[in-house]
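Coordinate analysis (summary)
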Amino acid sequence: MITVRRARTITAPRSRIRAFGLRTRLLAAFLLVAAVSAGTTSALTYREARNALLKTTQDTAVATFREQVQQTGFGLPVIQREGLEEVLRDLARKGKPRPWVVFAEYGSFRASSGENPVSTVITPQLRRAAQANPYGGFERVVKDGVPYLTIAMPTVFKTGPYSTLPSGLVLYAVMRMTDEQINVDALLTAARDGALPGLAVALVPGLIAARSVLRPVRELRRAARSMGSGRLDTRIAVRGTDELADLAATFNESAAQLEDSVQELREAEARARRFASDVSHELRTPLAGMLAVTEVLDEDADHLDADTARAVRLVSAETGKLAVLVEDLMEISRFDARAAELNADEVDVAEAIRKTLQNRHWTEDDRVHAELPAGIRARLDPRRFDVVIANLVGNALRHGGAPVTVGLRTGERPKGTPVLITVVTDRGPGIRPESIPYIFDRFYKADAARTRSAGSGLGLAITQENVRLHGGTIRAGNRPDGGAVFTVEIPLDTGGLTA
């Protein structure tokens, strides 16, 4: 038996009864074994008792009839019926264990101790056995539902110490076995009635056995569920030396190793987040100065010689990319630290998207088309939703092909939750199928040959985090006629969600 020792409180889940669960199967197996055992024992007991009862009656009747026939003298050939019937009645009165009806057959001559000279229960098989065997034979017969014992005994002449000669006279004894049948039926009833209570009694130890097996299994399940919810300090108290105790010990060893590994990973992750955050913070101040200098240099680049102007513009562009990377690293570190907050407000979604496109001057040419129906309002964080649209459209312009289309509509999830659906499509080559599962990973490059990216490599990852912060989902795919498509679904009312 094993019990769970928890360092933290574990709420036991509500017990659910399964039609074919382990408890049901254990009880069924236990009852099946008990039923087979009880049935086999009852059947064997019934058979042995029945055979003993019938054999005792049968042996007594056969031995008595043989002895009486051997001790009775018969005058042959048989001529007078009255004298033979009197002998037959005398034999019938001496029948054991109860009186017989005795019949005699001598050629075509028939006589009996009863009213009818011929019996209807003596079979041709018994007659043939009597003719073939000088010691006679017997047979149990059921006639009209009544059981009979029929015995055939031929009379013989002794021609020597060990030789006999059949006389032709055959005697038959017919005895009803009604009492034996009553006793056999009583045995059958007793065996059946004894087996049924046995099964009911067997149910109790079956329940106890199932409980003793299932209790540690349920506790192990609760411990595993507790660990799955993040409580890695859950352990199981090991008691006993059986297989379940071995399982508990193995579980504890695995849990300890897992806790150590997870703790190491958490510490490494915390160090990595702290490093990225510290580096980003330390770079912001010098980058701010570098950006100011590069802006001045950009203004004077036209007055410099060609090589110097090219170098100045290159430094300015790379400094701008580095500044974007630093800002993105700081943003992603806030998500990792669970410090990102959602400041939701009710906004006109079409107007918010239109402002995003105008602020980046994407509406001044035909590169971006917007299909924005009016009247759609939702609770959004305007700044984060601006980042989502800007990153998706910017990614489509850099890696896809113009024109880029931004679509807006409403819909419902399968459970009936109304959602805001924003779709960004382009006319480029699309996303390779093997890259779609990883498209939102940090620094993932869909084109392995592309060593540098025009962006920071974190845009789509930040986009996904912002969508999740709104309680929504984002999917990437390809249009049937070519081009990538990104679909964002956000509940129309986020309910003030925070990270």
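Residues numbered from 1 in each chain as written. Predicted model: local features only at pLDDT ≥ 70, side-chain atom pairs only at ≥ 80, totals over all residues. Heavy atoms only, no water.

So, on to the confidence of the model for the chain. With 82% of its residues at a pLDDT of 70 or more, the chain has an overall mean of 79. For residues 1-17, every residue scores under 50 in pLDDT, and the model assigns this stretch 42 contacts once sequence neighbours within four places are set aside. Every residue in residues 494-499 scores below 50 in pLDDT, and together they form 13 contacts with partners more than four places removed in sequence or on other chains. (pLDDT = per-residue confidence, 0-100. Contact = heavy atoms within 4.5 Å.)

A few words on the packing of aromatic side chains. All chains considered together, the criterion is met by 2 aromatic pairs. Between Phe-65 and Trp-100, the ring centres sit 5.2 Å apart and the planes meet at 90°, which makes this aromatic pair edge-to-face. With a gap of 35 residues between them, Phe-65 in helix α1 (residues 22-71) and Trp-100 in the loop between α2 (81-93) and β2 (101-106) connect regions that are remote in the sequence. Trp-100 matches Phe-65 in its accessibility class, with the two residues each being buried. Pairing Phe-440 with Phe-486 gives two aromatic rings, centres 6.1 Å apart and planes at 80°, and the pair type is edge-to-face. Separated by 46 residues along the polypeptide, Phe-440 in the loop between β12 (418-425) and α9 (459-469) and Phe-486 in strand β14 (residues 484-491) bring together distant segments of the chain. Here the two residues Phe-440 and Phe-486 agree in accessibility, since each one is buried. (Phe/Tyr/Trp six-rings, centres within 6.5 Å; stacked < 30°, edge-to-face > 60°. Helix = DSSP H or I, 4+ residues; strand = E, 2+ residues; numbered from the N terminus. Buried < 20%, exposed > 50% of the residue type's maximum accessible area, 1.4 Å probe, protein only.)

Within the structure shown, the criterion is met by 18 salt bridges. Between Lys-55 and Asp-59 there is a salt bridge whose closest N-O contact spans 2.7 Å. Of this pair, Lys-55 and Asp-59 are both found in helix α1, 4 residues apart, which corresponds to roughly one turn of the helix. Owing to a relative accessible area of 48%, Lys-55 belongs among the partly exposed residues under this scheme. Judged by its relative accessible area of 35%, Asp-59 is partly exposed. When the shortest N-O distance is used, the salt bridge between Arg-89 and Glu-86 registers 3.2 Å. (Salt bridge = Lys/Arg side-chain N within 4 Å of Asp/Glu carboxyl O.)

Turning our attention to the nonpolar core. Counting 33 residues, the largest nonpolar core has Val-349, Ile-353, Leu-380, Leu-392, Val-393, Leu-408 and Phe-486 as the members making the most contacts within it. Where this core is concerned, the elements lending two or more residues are α7 (349-359), β10 (377-380), α8 (382-399), β11 (404-412), β12, α9, β13 (473-478) and β14. For this core, the element with the most residues is α8, which contributes 6 residues. Setting aside residues up to four positions removed in sequence, Val-349 forms contacts with Ile-376, Arg-377, Ala-378, Leu-380, Phe-385, Leu-408 and Leu-420. (Core = buried A, V, L, I, M, F, W, Y, C linked by side-chain atoms within 4.5 Å.)

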